[in-house]
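Each chain, written out:
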Amino acid sequence: MSVERITVIGAGTMGNGIAHVFAQNGFSVTLVDVNAAQLEKAVQTIEKNLERQVTKGALTAEQKQQALANLSAQTDIAAGVKEADLVVEAATENTDLKLTIFKQLDAAAKPGAILASNTSSISITKIAAVTKRPDHVIGMHFMNPVPVMKLVEIINGYATKAEVTETIVALSKQLGKVPCVVNDYPGFIANRILMPMINEAVYSLYEGIAGVEEIDTIMKLGMAHPMGPLQLADFIGLDVCLSILNVLYNGFGNTKYAPCPLLVNMVMAGKLGVKTGEGFYRYTTGSKEMMVSERFKK
Ligand code: NAD
């Protein structure tokens, strides 16, 4: 299946990165967001990030200009997707919202167009079931920051056609990424393995076994992880971690995925990590300050 024109739905953190890599690799990209200010900000972010690549010598000034010329922005979903061979949805992680968007995409996209979702945890099979083309719906899970991270986790829904998977695998390689194909079960692979590790780190803190710094240092130096699990949770957002753990817990009905009460409390208290300036570390001063480790010291 030939893919030349891509539409990306949602111009947030992930949407702007996804639009960036497609535009940089010669695809014609339409970026769609219901929020015009967000759309404008995303185009500015892409321009800034492309300029950084030019400064580093990774791109020429001409390649940057060509990437920007490949990109257009749109606030109307139907108008934005009608020419697309592939739509990559990267809107807010909310099941009802994604189901509504996929009904709209199915109605507006041309027959044969592939509809992909960048969801971190919502069932691809469930999303596909609200469309009349479940065999053309697939998960295309990029990692943050998209221009830097090599992995694309590709998720086959129950009905995804082999030809569609092959197209998305080939396309990911064209973007210089490494695709890995998995089946559609809660958390897929990336979050099914990552989130229980983060949850176990929070439990270790909650039970007073060690402080934030000790837990993160052990995992960094002992396991060669670039970042400790608690710092990583702060970067992902504690609300996002909680919601993915709930998907695992509810999806498998297994208490081993039950979110730690400390994580639940921190989310209720609005301590969501980097985005609110405080989680397991405090970020307001620009330096990491141990917050919870003080509270849990014996
Ligand atoms: P975000 O909040 O930064 O951006 C979401 C964007 O979607 C916003 O700009 C919002 O205006 C837009 N939006 C909402 N409703 C819309 C609609 N009806 N039509 C068009 N746009 C709409 O979110 P994000 O972090 O970029 O996450 C997007 C998706 O990517 C989610 O499914 C998330 O699970 C997934 N994801 C996120 C990360 C991450 O690290 N942030 C990593 C992998 C996957």
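Values in this document were obtained by computation on a predicted structure and should not be read as measured data.

Caption draft 1: Here's a closer look at the domain arrangement of the protein. Domains assigned within the protein are domain 1 (5-183) and domain 2 (190-296). When domain 1 packs against domain 2, close to 360 Å² is buried across both sides, 56% of that on carbon and sulfur atoms. Contact with domain 2 buries surface across domain 1, with Ser120, Ser121 and Glu153 losing the most and accounting together for 78% of the total. Here domain 1 is connected to domain 2 by 0 salt bridges. Among the residues forming the side of domain 1 that touches domain 2, the class breakdown is no nonpolar, 3 polar and 1 charged.

Caption draft 2: The nonpolar core, seen in detail. Judged by nonpolar contacts, the single largest core of 37 residues is most densely connected at Ile18, Phe22, Leu86 and Phe142. No other element matches the 6 residues that helix α1 (residues 13-24) contributes to this core. If we ignore the near neighbours within four places in the chain, the residues touching Ile18 are Val8, Val88, Ala90, Asn118, Phe142 and Val146.

Caption draft 3: Spotlight on a positive patch on the surface. A cluster of basic residues, Lys41, Lys48, Arg52 and Lys56, forms a positive patch on the protein surface. Within the secondary structure layout, Arg52 lies in helix α2 (residues 36-55). Overall, Arg52 belongs to the partly exposed group, its relative accessible area being 44%.

Caption draft 4: Seen up close, the site of the ligand. Residues in contact with the ligand amount to 24 residues; listed here are only the nearest, Met14, Asp33, Glu93, Lys98 and Ser120. In this structure, an oxygen atom belonging to the ligand sits 3.4 Å away from a main-chain N or O atom of Ala91. Taken by itself the ligand offers 830 Å² of open surface, and the protein chains cover 79% of this. For the shell around the ligand, the secondary structure elements donating two or more residues are α1, α5 (95-108) and β6 (137-142). Here the shell around the ligand takes 3 residues from α5, the largest share from any one element. Partitioning the shell around the ligand into residue classes produces 10 nonpolar, 11 polar and 3 charged.

Caption draft 5: Here's a closer look at the sheet that holds strand β8 (residues 178-183). Spatial ordering of the open sheet is given by β3-β2-β1-β4-β5-β6-β7-β8, a layout of 8 strands whose pairing is mixed. The two strands at the open ends of the sheet, each matched to only one other strand, are β3 (71-74) and β8. Between one strand and the next, the sheet's axes are offset by a mean angle of 25°, whatever the strand orientation. Both strand β7 (residues 151-156) and β8 contribute to a ladder of 6 bridges, which runs parallel. Counterpart to Ile155 in the pairing with β8 is Val182.

Caption draft 6: Highlighting the packing of aromatic side chains. According to the stated counting rule, one finds 6 aromatic pairs in the structure shown. Where Phe22 meets Phe27, the ring centres are 5.5 Å apart and the plane angle is 90°; that geometry is what we call edge-to-face. The pair formed by Phe22 and Phe27 is uniform in burial state, with each residue classed as buried. Taking the centre distance of 6.3 Å and the plane angle of 75° together, the rings of Phe235 and Tyr283 count as edge-to-face. Here Tyr283 lies in the loop between β9 (281-282) and β10 (289-290) and Phe235 lies in helix α10 (residues 229-236), a separation of 48 residues in the sequence. Judged by its relative accessible area of 46%, Phe235 is partly exposed. On the basis of relative accessible area, Tyr283 is assigned to the buried category, the value being 16%. Three or more aromatic residues link up through ring pairs in this structure, and these residues are Phe22, Phe27 and Phe142.

About the cut-offs
- Position numbers for residues count from 1 along each chain, tracking the sequence in the order it is written.
- Thresholds applied to this predicted model are a pLDDT of at least 70 for local features of residues and 80 or more for the giving and counting of side-chain atom pairs; totals over whole chains, interfaces and linings are not thresholded and use all residues.
- Calculation of side-chain values draws on the structure's entire complement of heavy atoms; hydrogens and water are dropped beforehand.
- The source of the domain bounds is an automatic or database domain assignment.
- When two parts are brought into contact, each loses some accessible area as probed by a 1.4 Å sphere; the total of that loss over both is the buried area.
- Any Lys or Arg side-chain nitrogen found within 4 Å of a carboxyl oxygen on Asp or Glu counts as a salt bridge.
- Charged means Asp, Glu, Lys or Arg here, nonpolar means Ala, Val, Leu, Ile, Met, Phe, Trp, Tyr, Cys or Pro, and polar covers whatever is left, Gly included.
- The criterion is simple. A nonpolar core is a set of buried Ala, Val, Leu, Ile, Met, Phe, Trp, Tyr and Cys residues joined through side-chain atoms within 4.5 Å.
- Relative accessibility under 20% of the residue-type maximum defines a buried residue, over 50% an exposed one, and the middle range a partly exposed one, all with a 1.4 Å probe and only protein chains included.
- Under the scheme used here, helices are H or I runs from DSSP no shorter than 4 residues and strands are E runs no shorter than 2 residues, and both carry numbers assigned from the N terminus.
- In this description, contact between two residues means that some pair of their heavy atoms is separated by no more than 4.5 Å.
- Each patch is built from salt-bridge-free residues with over 30% relative accessible area, joining like charges within 9 Å and nonpolar side chains (Val, Leu, Ile, Met, Phe, Trp, Tyr) within 5 Å.
- Method for areas: the Shrake-Rupley scheme with a 1.4 Å probe, in which residue coverage is limited to the protein chains shown.
- Note that His is not counted, nor are the chain ends; the positive residues are Lys and Arg, and the negative ones are Asp and Glu.
- The location of each charge is read from NZ of Lys, CZ of Arg, CG of Asp or CD of Glu.
- A single heavy atom is enough: if one lies within 4 Å of a molecule or strand, its residue is considered near that molecule or strand.
- For this analysis, a polar contact is any N or O atom pair within 3.5 Å, provided that within protein one partner can donate a hydrogen and the other can accept it, and provided that sequence-adjacent residues contribute only side-chain to side-chain pairs.
- Whether two strands pair comes down to DSSP finding at least two bridges between them.
- In this analysis an axis means a line fitted to C-alpha atoms, helices contributing only their contacting stretch, and an angle means the value between N-to-C directions, from 0 to 180 degrees.
- Classification of ring pairs uses Phe, Tyr and Trp, with its six-membered ring standing for Trp, and accepts pairs whose centres are within 6.5 Å; under 30 degrees between planes counts as stacked, over 60 as edge-to-face, and the remaining range as tilted.

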